[in-house]
2 protein chains.
Amino acid sequence: MTQRIHDFLLRRREEGRDTEPCLVVDLDVVRENYQTFAKTLPDTRVFYAVKANPAPEVLRLLASLGSCFDTATVQEAEMALAAGATPDRVSFGNTIKKERDIARAYALGIRLFAVDCKEEVEKIARAAPGAKVFARILYDCAGAEWPLSRKFGCAPEMAVEVLDHAQRLGLEAYGVSFHVGSQQRNVKAWDRALASAAAIFRDCAERGISLKMVNMGGGFPTKYLKDVPTVRSYGMAIFRALRKHFGNRIPETIIEPGRGMVGNAGIIETEVVLISKKSQKEGELRWVYLDIGKFGGLAETMDESIRYQIRSPRDGADVEPVVLAGPTCDSADVMYEKSPYPLPVSLEIGDKLLIDGTGAYTSTYSSVAFNGLPPLKTYHI
Amino acid sequence: MTQRIHDFLLRRREEGRDTEPCLVVDLDVVRENYQTFAKTLPDTRVFYAVKANPAPEVLRLLASLGSCFDTATVQEAEMALAAGATPDRVSFGNTIKKERDIARAYALGIRLFAVDCKEEVEKIARAAPGAKVFARILYDCAGAEWPLSRKFGCAPEMAVEVLDHAQRLGLEAYGVSFHVGSQQRNVKAWDRALASAAAIFRDCAERGISLKMVNMGGGFPTKYLKDVPTVRSYGMAIFRALRKHFGNRIPETIIEPGRGMVGNAGIIETEVVLISKKSQKEGELRWVYLDIGKFGGLAETMDESIRYQIRSPRDGADVEPVVLAGPTCDSADVMYEKSPYPLPVSLEIGDKLLIDGTGAYTSTYSSVAFNGLPPLKTYHI
C-alpha cells in the first residue's frame, strides 16, 4: 500500500466516512506502470484496456501520458475521447459489435477494429468503409491464472481467410491479435503466439496481402499472492520472440495492458461483519463475512480464480483458515471456500481488512443494486 | 408471454426504441402469483423476498395486496416501507448484518430478525432490544436447481443454543427458518425440513422457551425449461407435513417466495449481435453472441445453473446446438457451452430473442457499467 492510500484511508476513518467498503486507486502508481511499459517496450504502442478500470481520472492521466486505448464498446470509446484521446489512438477491440455501434464508432473517427470471422468483416465493410481490421486468433492459455475461454478468436488458418475477405471488401487487412490469457506468468507464452502470428503474415503475403501490425494483447500480471515476473523480463522475452519469428522485419506492435496497468494501484477496504461457526463439530471452520463480496466488486473470485492478498490490523498473530464470504443474501456469494483463507485467529467483528491489487476489474463488475446495496465507492487520488 | 408484454414490445420496436436489451415485467402476473400463494396457504403469511426484484412498482403492488416483505439489507427495508408496508410487515432476513444497520432497522420500527449464531444474537440484543429473532438452520438442498451453499444457517442442535442465548439476552426467541434451495422441484423437501424444525420446537420447550413461528423460506420454482409442480401441490404437501410434525399445534408460518412471485412475470428481449464459427473443422459448433450476458442480467447462468427458455422468431424451423455468449470483452461471459443450446439453423444477426422467466434475479444482478454498457433497462407494466 502506498503512503497516499494509507493517509487517505486514515482521514476517511477519522471523518467517520468509513461505513461502506471502498476502492482507492493511487494514480501515481498508474503513471509509473505506464512509464514502465513505455520504457520497456519502446517500439510498442500501449493501448490501455479501458474495461479494467474506466474511471475518468485514470483515462485522463493515461491520455495525457500519450497512451492509446483499447475499447470494448462505443461507450468506452466515447469515454476515451472525452478523456482527451484522439480517434487515431482508440481501437474498437471487441470482436462482437452491433453494426450500428460500428457506424457510431466510425462517425467518431475510429478506424481500427478487431474481427474473428467473416460475418463481422462484412458489418465493418458496410459501416466503416476502408477501416483497418486485425484478426484475433485463438490461443490456449497454459500458464495463465485466469485462462480465457474460446469466446474470442478463430483458428489461425481461418484468420487468413478472414483477412483475405476484409481486403476483398475494401478494408485494410492490417494485422493479427492474440491474448495469452489474463495474469499470464509464463514469459515464454508470447513466443508461441508470435510464431503463429508470423505464419499468418507469411500466408497473407503469399496472397499479396501485406500485414503490418501484431497486437500482443494483455495478460501482463499484477501481483496478488504469488510473485510475478517483472515487466522488464516480459519485455525482453517479447523482443527476443519478435526477432526470432520476424527476423529483421519486425512489424508494428501493440500491447493492451489492463490489469497490469491498474491492478496494483488499487486497494479495497472492507469491514468484518460477522465471524461464526456452523456447528460445534471438531474441525468446523469459522466463516468470516465481509461487507464486500462477489456482487460488490470481487467478481473475479468466481471459482476462486483470483486469490487476493488480504491484510488485517492483526497481521503477525496466529492465523487459521476460514471460509470467506460476502454480505448478500445470495448463497453463491462466497469468495474462498474450496481453499479456505488464512486469517488471524484474533480477528474481530468490526475489523477493517485491506484487499491488495484490486485496481482492476472490481468497480465496474459491481452490481447495480443487488440486495439494495450501492455499487462500490471509488476514489482515484 | 402475456398479450400485454407482446403489445409493449411491439410498440417499442415500432417506435425504434429497441436498440438495447430490456426486461419487461407484467404486474398482472405478479398479482396472480400473490393471490395463488395467499389462497393456497391461507394460514401462512407471505413475505416477498425483495432481492428477487425490488422495483418500486412490484413492491407497491404487493404492499397494496397485503404482502409482507423479507429484506436483505436496511436499504431494502426502506424500499418496502416507502412502497407502503408497515414495519410489522417487514423482516430483516439476512443472517449477516452490521450492528449499525440493525440499529437503523430498529429505528424504522422493524422487530423481526434472522440469526444463525450467538455473535449475531449479541449484536441484536444491543441494537434492537426486545426484538423477535428466528434461527436459520442448515438444510441440504437435494432436488433444488440452484442449491444453496452452507453460507446461511447453523446445525439444528446449535440453533437451540442460539435461541436460548437470545432469550437470556432479553430477545424473544421466536422461531426457526430454513430454505430448501432455490427452484426446488421436490415437493417433499419441506417435509424433512419441517421434521427438523419440530425437533427444535421440542428442544426449546424443554428449556422453557415457547417458539411460535416457522419460516419456511422460499424455493418455490418458476418454470424455465422443465415443468414444475404447481403452487397448489406445494401447498398441500406443506400442509400435510405441518400436520404430521406439529399435530394440532401448528405454529404461525411464513413463506418467502421471490422467484416464485416474479420469475414468470418477466421477459427479456435481446438481439443477436453475431453468429460465427471458430474454425472449419467438422463438428465445430456455431457461436451465437447476444447483447445481454452474465454481466448484463443473466448472472444466474453461472455454471449453467439456470437454463432459460429462449424463443426466436424462427421457432419451428430446424434447430442445432450452439454456444451462447454475451457481448462483453470478458471471456467468462458465456452462458451455455458445456450444454450447448438448440437454436434455429436459420437464425440471423439482428434477430430478436425472448428469454422467458426472467422477472427474478436479473435487473439488480446487472453490473453497474462493465465494458461501459448501461445496466439492464426494465419496464414494469
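Residues numbered from 1 in each chain as written. Chains lettered and ligands numbered in written order. Predicted model: local features only at pLDDT ≥ 70, side-chain atom pairs only at ≥ 80, totals over all residues. Heavy atoms only, no water.

## Let's talk about the relation of the copies chain B and chain A
Part 1: Superposing chain B onto chain A takes a rotation of 180° plus a shift of 0.0 Å along the axis, which leaves an RMSD of 0.0 Å. Taken together, the rotation and translation relating the two chain copies correspond to the operation of a two-fold axis.
Part 2: Both copies share a contact surface, since 100% of the interface residues of chain B are interface residues in chain A too. (Least-squares fit on C-alpha atoms with pLDDT ≥ 70 in both. Contact = heavy atoms within 4.5 Å.)

## Some points on the pattern of salt bridges
Part 1: Following the criterion strictly, the structure yields 56 salt bridges over all chains and no others.
Part 2: Linking Asp116 of chain A and Lys278 of chain B is a salt bridge whose minimum nitrogen-to-oxygen distance equals 3.5 Å. Taken together, the positions of Asp116 of chain A in the loop between strand S5 (112-115) and helix H6 (118-127) and Lys278 of chain B in the loop between strand S12 (266-277) and strand S13 (286-290) put the pair across two chains.
Part 3: On the basis of relative accessible area, Asp116 of chain A is assigned to the buried category, the value being 1%.
Part 4: Looking at Lys278 of chain B, the relative accessible area reads 0%, which means it is buried.
Part 5: Here Lys244 of chain A and Asp191 of chain A are joined by a salt bridge, their closest N and O atoms 3.2 Å apart. (Salt bridge = Lys/Arg side-chain N within 4 Å of Asp/Glu carboxyl O. Helix = DSSP H or I, 4+ residues; strand = E, 2+ residues; numbered from the N terminus. Buried < 20%, exposed > 50% of the residue type's maximum accessible area, 1.4 Å probe, protein only.)

## Description of the UniProt feature "modified residue: N6-(pyridoxal phosphate)lysine" (unreviewed entry) in chain A
Part 1: Under the local residue numbering, the UniProt record ascribes the feature "modified residue: N6-(pyridoxal phosphate)lysine" (unreviewed entry) to Lys51 of chain A.
Part 2: Relative to the elements of secondary structure, Lys51 of chain A occurs in the loop between strand S2 (44-49) and helix H3 (56-65).
Part 3: Judged by its relative accessible area of 12%, Lys51 of chain A falls in the buried class.
Part 4: Excluding anything up to four places from it in sequence, Lys51 of chain A contacts Asp70, Glu76, Tyr361 and Thr364 of chain A together with Cys329, Phe370 and Asn371 of chain B. (UniProt positions renumbered as here; feature names shortened; annotations may be inferred.)

## Examining the interface of chain B and chain A
Accessible area lost during the coming together of the parts is what is often quoted as the interface size.
Part 1: Listed as interface residues are 72 residues of chain B and, on the opposing side, 72 residues of chain A.
Part 2: Carbon and sulfur atoms make up 59% of the area that chain B and chain A hide from each other, which totals about 5800 Å².
Part 3: Linking chain B with chain A are 10 salt bridges, by the criterion used here.
Part 4: Glu271 of chain B is the partner of Arg100 of chain A in a salt bridge, and the nearest nitrogen-oxygen pair spans 2.8 Å.
Part 5: Ranked by residue count, the leading element in the side of chain B that touches chain A is S12 of chain B, at 6 residues.
Part 6: Here the residues of the side of chain B that touches chain A sort into 31 nonpolar, 20 polar and 21 charged. (Buried area = accessible area lost by both parts, 1.4 Å probe. Nonpolar A, V, L, I, M, F, W, Y, C, P; charged D, E, K, R; others polar.)

## Some points on helix H5 (residues 99-107) of chain A
All names here are of chain A.
Part 1: Taken together, the buried positions of H5 are Asp101, Ile102 and Ala105. Buried residues along H5 cover an arc of 105° about the axis, so they all sit on one side.
Part 2: In this structure, the buried residues of H5 make contact with helix H4 (74-82), strand S4 (90-92), S5 and H6.
Part 3: Backbone geometry just after H5 places Gly109 at a positive phi near 105°. (Arc of directions from axis to C-beta.)

## Topic: the pairing of strand S15 (residues 319-325) of chain B
Residues and elements named next belong to chain B.
Part 1: Strand direction decides the pairing type here: S13 and S15, joined by 4 bridges, are parallel. Its bridge partner being in S15, Tyr289 is matched across the sheet by Ala325.
Part 2: Pairing of S15 with strand S16 (residues 334-344) involves 6 bridges; the strand directions are antiparallel. Pairing of Val322 across the sheet is with Tyr341, part of S16. (Pairing = 2+ DSSP bridges.)

## With respect to the domain arrangement of chain A
Residue and element names in this part refer to chain A.
Part 1: Along its sequence, chain A is carved into domain 1 (3-23 + 264-380) and domain 2 (28-261).
Part 2: Inter-centroid distance (C-alpha atoms) of domain 1 to domain 2 is 33 Å.
Part 3: Interface area, domain 1 with domain 2, both sides summed: about 1800 Å², of which 54% is carbon and sulfur.
Part 4: For the domain 1 face of the interface with domain 2, the top three residues by lost area are Asn264, Tyr361 and His380, together amounting to 34%.
Part 5: At the junction of domain 1 and domain 2, the tally comes to 2 salt bridges.
Part 6: A salt bridge links Asp28 to Arg4; its shortest N-O distance comes to 3.4 Å. (Domains from an automatic or database assignment.)

## A short note on the side chain of Ser366 of chain B
Part 1: Residue placement: Ser366 of chain B occurs in the loop between strand S17 (352-356) and strand S18 (377-380).
Part 2: Given a relative accessible area of 0%, Ser366 of chain B falls into the buried group.
Part 3: Within the structure, the side chain of Ser366 of chain B is placed 3.2 Å from the backbone nitrogen of Leu376 of chain B, a separation counted as a polar contact.
Part 4: Setting aside its immediate chain neighbours within four residues, Ser366 of chain B contacts Ser366, Ser367 and Val368 of chain A together with Phe295, Gly296, Gly297, Pro375 and Leu376 of chain B. (Polar contact = N/O pair within 3.5 Å; in protein donor to acceptor, adjacent residues only side chain to side chain.)

## Section: the packing of helix H5 (residues 99-107) of chain B against helix H6 (residues 118-127) of chain B
All names here are of chain B.
Part 1: Look at H5 against H6: their axes get within 9 Å of each other, and the N-to-C directions meet at 45°. In terms of axis orientation, H5 runs oblique to H6. As H5 runs across H6, the sense of the crossing is right-handed. Of H6, the residues touching H5 (which contributes Glu99, Ile102, Ala103 and Tyr106) are Glu120, Lys123, Ile124, Arg126 and Ala127.
Part 2: For the contact of H5 with H6, a count of residues per class yields 5 nonpolar, no polar and 4 charged. (Axes fitted to C-alpha atoms, helices over the stretch in contact; angles between N-to-C directions. Parallel < 35°, antiparallel > 145°, perpendicular 65-115°, else oblique. Left-handed = near helix turned anticlockwise from the far one by under 90°.)

## A short note on the side chain of Arg286 of chain B
All names here are of chain B.
Part 1: By the element assignment, Arg286 lies in strand S13.
Part 2: Side-chain polar atoms of Arg286 contact the side chain of Glu320, separated by 2.8 Å.
Part 3: Among the polar contacts listed, one links the side chain of Arg286 to the backbone oxygen of Pro344, at a separation of 3.2 Å.
Part 4: Apart from the residues lying within four places of it in its own chain, the contact partners of Arg286 are Ile275, Ser276, Lys277, Glu320, Val322, Val323, Leu343, Pro344, Val345 and Leu347.

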